[in-house]
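Listed here are the chains, written in short residue letters.
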Amino acid sequence: MSLLRLAGRPLLASMFVAGGMSSVLSPENVAPLAEPVVRPIRERVPVLPDRTEQVVRLSGGVQVVAGIMLGLGRMPRFAALALAATLVPTTIAGHPYWQAEDAGDRAQQRIHFLKNLSMLGGLLIAADDTGGAPSLLWRGRHSARELQRHVAVMGHSVRATARPAAIAGGIRAKLPG
């Protein structure tokens, strides 16, 4: 693993572990802000809990677990995607700068909104990072091409040996006795 990955993943994950713990321990602090965002999500995903505090706690739990996984390099691509999935509604609910009345508050919320977008970009890069190893999709395609190549060589080999054998068999059949 490169030094950049070794240092970068825990640094990226740290904010999610800290923020997730806060949401798990005190969901009532952010539930009022989350309600307008959670309501439409809950309508589309009926398995989510009924109370907004429970959804906030669940999202925080996902952030803690996925943040730890990303920081430790355990299934980092999956962990980064899970964090990205929780970051989008968190950003929309927590930093709606477009609704702020005060110019100073609007500027602060815009800074936090853009910070979260930057973190989302980092998570998307981490989700795409194969750690120097080819992805499963690449490996599958590469294996399929290799198999096709082997089948083609085998077909040429069979045709190359079958033709002389057929000729020899034909000659043998014409020979007397």
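Note that this is a predicted model, so its numbers are computed, not measured. (Residues numbered from 1 in each chain as written. Predicted model: local features only at pLDDT ≥ 70, side-chain atom pairs only at ≥ 80, totals over all residues. Heavy atoms only, no water.)

### Some remarks on the nonpolar core
Within the largest apolar cluster, 17 residues are counted, with the highest numbers of intra-cluster contacts made by L12, F16, L70, L83, L87 and L123. Element by element, the count of residues in this core is highest for helix α4 (residues 76-94), at six residues. Look past the residues within four positions of L87 in its chain and what remains in contact with it is F16, N116, M119, L120 and L123. Listed in part, the five residues of the second largest apolar core include A34, V38, V55 and V56. (Core = buried A, V, L, I, M, F, W, Y, C linked by side-chain atoms within 4.5 Å. Buried < 20%, exposed > 50% of the residue type's maximum accessible area, 1.4 Å probe, protein only. Helix = DSSP H or I, 4+ residues; strand = E, 2+ residues; numbered from the N terminus. Contact = heavy atoms within 4.5 Å.)

### Digging into helix α2 (residues 31-44)
Across its 14 residues, α2 extends 19 Å between first and last C-alpha, which sits within 8% of the 20 Å expected from 1.5 Å per residue. For α2, the principal kink sits at V37 and spans about 45 degrees; a proline, P40, occurs within the next four residues. Regarding α2, the residues found buried are A31, A34, V37, V38 and R42. In this fold, the buried residues of α2 make contact with α3 (52-72) and α4. (Expected span 1.5 Å × (residues − 1). Bend = angle between axes of the 7 residues up to and from the residue.)

### So, the packing of α3 against α4
It is the contact of α3 with α4, at a shortest axis distance of 8 Å, that shows an interaxial angle of 145 degrees. Here the hand of the crossing between α3 and α4 comes out left-handed. Across the interface between the two elements, S59, V62, Q63, A66, G67, M69 and L70 from α3 touch P76, F78, A79, A82, L83, T86 and T90 from α4. Of the residues in the contact of α3 with α4, the class split is nine nonpolar, five polar and no charged. (Axes fitted to C-alpha atoms, helices over the stretch in contact; angles between N-to-C directions. Left-handed = near helix turned anticlockwise from the far one by under 90°. Nonpolar A, V, L, I, M, F, W, Y, C, P; charged D, E, K, R; others polar.)

### With respect to unusual backbone geometry
With a phi close to 45 degrees, M75 is a non-glycine residue in the positive phi region. Structurally, M75 can be placed in the loop between α3 and α4. For M75, a relative accessible area of 53% translates into the label exposed.

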